[in-house]
Amino acid sequence: MIKIAVMGYGVVGSGTVEVFYKNLKSIEQKIGDDIDIKYILDLRDFSDSPYSEKFIKDFDIILNDSEVKIVAEVIGGLDPAYRYVKSLLQNGKSVVTSNKELVAEKGAELLKIAREKNVNFFFEASVGGGIPIIRPLHHCLSANEIDEIAGILNGTTNYILTKMAEEGTDFSDALSQAQALGYAERDPSADINGADACRKICILASLAFGKHVYPKNVHTEGITAVSTEDVQYCKDFGGAIKLVAWARKEEEKVAVMVCPAFISESSQLSTVNDVYNAILVRGDATGDVIFYGKGAGKLPTASAVVSDIIIAAKMTGTSKSLYWEDSSELFTVDYKSLSNKFYVRLVCSDKSKVLSEAEKCWGNLNILRRNDELPNETAFVTESVNEEKFAADCRSISEYGEIKNIIRVLDY
Ligand code: HSE
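Residues numbered from 1 in each chain as written. Predicted model: local features only at pLDDT ≥ 70, side-chain atom pairs only at ≥ 80, totals over all residues. Heavy atoms only, no water.

*Asks:* Describe the site of the ligand, listing the residues and the values that go with them.
*Replies:* Taken together, the neighbourhood of the ligand is formed by Lys100, Asn154, Gly155, Thr156, Tyr183, Ala184, Glu185, Asp191, Asp196, Lys200, Gly295 and Ala296. Contact with the protein chains covers 93% of the free accessible surface of the ligand, which is 260 Å². Secondary-structure elements contributing two or more residues to the shell around the ligand are helix 7 (155-167) and helix 10 (195-209). Here the residues of the shell around the ligand are counted per class, giving 3 nonpolar, 4 polar and 5 charged. (Near = heavy atom within 4 Å. Areas by Shrake-Rupley, 256 points an atom, 1.4 Å probe, with all protein chains shown as cover. Helix = DSSP H or I, 4+ residues; strand = E, 2+ residues; numbered from the N terminus. Nonpolar A, V, L, I, M, F, W, Y, C, P; charged D, E, K, R; others polar.)

Rendered as structure tokens:
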């Protein structure tokens, strides 16, 4: 009999326990042994729960119980999760986690400890909710050199952008709906400011390129500035606005960014809607491979946690953790050296003056239109331009008009 513990009984934790007991029989068949949850750690009161006798409040009980071999950490955040996971690995227990912040910030260190202690540290649930991506990237695509990864990695923002585009829903109403559906983080600012997608692309990039990519070195923009006007102009452009996280190999370094972007309707990413996520992996042998599914929510995420528990149980006594090395900030390219096309929306008193100045800076402009366009408003897409030059050009264009929003245009 294998004994495990679950730390955290929020959305993902309660889903993990639910999926575990619902499918226990087939899980035991797959493992080839009996398995049970011995402890559930949570400071709140769950005396009415059918699992009430399993609840504990003291982490040390799990840490010091030699019978517990595998622990699922679904608390989220860095404190106390980092302390707990580190000591569990050091004590020879395997850990599975859905905690993207923990993996994105401390992955290299925790993977090293797991390897030294001959235990496993798995985190399939940290990226893409129920979509299998970590293990396929590490195993099934391992014959490839990965050139690029790009994805819609946050279910909450994709839900909000879809509701804005398809139903004209106001930003804050759409966010409230996403929270009620259990998609958003406890503090949803991590969703809407791009931090959550940033953590996820850091995990994928670290795995694909072999060295830790830290969130602090990734230029990250969220979706709070996206307005219904932008959504309407994007329809004229022929596409959709998506929060895209991407990472690309650039010789010995990687370029990584998270930003809202105009995506052409010819791209498969443009039709990924609601809570769905999609991850495009460009391998040198496979070409493009796309992973698609529900990127957030109780049961999809729990599915990935329980699958990691099953694999950890089957591998007890061997360390098959994924691995990447630590790195410095020199591993990431400064985004200012990159080039992109930009959508610009502005208001001005003299449109032809602004457009001729913009053309001098950014080449041929693709002028966009929308219904109910204001007389003093204009919007266009530029040719490809260096990021640093573009920012400087915007400062000079601002003499002729007020720039209301800027969104990159990405080709995926
Ligand atoms: N808040 C996250 C999202 C949950 O919306 O994608 C899944 O990581």
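*Asks:* Can you explain the packing of aromatic side chains? Please cite residues and give values.
*Replies:* Tallying each qualifying case throughout the model produces 16 aromatic pairs. A ring pair is formed by phenylalanine 121 and phenylalanine 123, whose centres lie 5.6 Å apart and whose planes are at 50°; its orientation type is tilted. A residue is classified by how much of its surface remains accessible, and phenylalanine 121, at 0% relative accessible area, is buried. On the accessibility criterion, phenylalanine 123 (1% relative accessible area) is buried. Its guanidinium or amino end placed over the ring of tyrosine 323, arginine 115 lies 3.7 Å from that ring's centre, counting from NZ or CZ. A cation over a ring is seen here: arginine 135 above phenylalanine 122, with NZ or CZ 4.8 Å from the ring centre. (Phe/Tyr/Trp six-rings, centres within 6.5 Å; stacked < 30°, edge-to-face > 60°. Buried < 20%, exposed > 50% of the residue type's maximum accessible area, 1.4 Å probe, protein only. Lys NZ or Arg CZ within 6 Å of the ring centre and 35° of its normal.)

*Asks:* Go over the sheet that holds strand 5 (residues 94-97), please, and point to the residues and values.
*Replies:* Strand order in this open sheet of 6 strands is 3-2-1-4-5-6, and the pairing throughout is parallel. A single partner strand is all that each edge strand has here, and the edge strands are strand 3 (55-56) and strand 6 (121-122). Alignment of strand 5 against strand 6, held across 2 bridges, turns out to be parallel. Following the sheet pairing, valine 96 is matched in strand 6 by phenylalanine 122. (Pairing = 2+ DSSP bridges.)

*Asks:* How would you sum up the packing of helix 7 against helix 8 (residues 171-180)? Please name residues and give values.
*Replies:* As a packed pair, helix 7 and helix 8 sit with axes 9 Å apart at the nearest point and diverge in direction by 135°. Considering their axes alone, helix 7 and helix 8 lie oblique with respect to each other. When the axes of helix 7 and helix 8 are compared, the crossing they make is right-handed. Facing Thr156, Tyr159, Ile160, Lys163 and Met164 of helix 7, the residues of helix 8 in contact are Phe171, Ala174, Leu175, Gln177 and Ala178. For the contact of helix 7 with helix 8, the per-class residue count stands at 7 nonpolar, 2 polar and 1 charged. (Axes fitted to C-alpha atoms, helices over the stretch in contact; angles between N-to-C directions. Parallel < 35°, antiparallel > 145°, perpendicular 65-115°, else oblique. Left-handed = near helix turned anticlockwise from the far one by under 90°. Contact = heavy atoms within 4.5 Å.)

*Asks:* Hey, could you go over helix 2 (residues 24-31) for me, with residue numbers and the actual values?
*Replies:* Residues spaced three or four apart along an α-helix face the same direction, because each turn holds 3.6 residues. Within helix 2, the full set of buried residues consists of Leu24, Ile27, Glu28 and Ile31. Burial along helix 2 is one-sided: seen end-on, the buried residues are contained in an arc of 100°. Across from the buried face of helix 2, at angles greater than 90 degrees, the exposed residues are Lys25, Gln29 and Lys30. The secondary structure elements touched by the buried residues of helix 2 are strand 1 (2-7), helix 1 (11-22), strand 2 (35-41) and helix 12 (298-314). Phi for glycine 32, located one or two positions after helix 2, is positive at around 80°. (Arc of directions from axis to C-beta.)

*Asks:* Give a description of the nonpolar core that names residues and reports values.
*Replies:* For soluble globular proteins, nonpolar side chains are generally found buried alongside one another. Ranked by size, the top nonpolar core spans 79 residues in total, and within it Ile62 and Phe121 carry the most contacts. Among the elements that make up this core, the one with the highest residue count is helix 10 (9 residues). Once residues within four sequence positions are removed from consideration, isoleucine 62 is found in contact with Ala5, Met7, Tyr39, Leu41, Ile56, Val68, Val71, Leu88 and Lys93. Val17, Ile37, Ala304 and Val305 belong to the second-largest nonpolar core, a separate cluster that totals 30 residues. (Core = buried A, V, L, I, M, F, W, Y, C linked by side-chain atoms within 4.5 Å.)

Remember, this is a structural readout, not a statement about activity or role.
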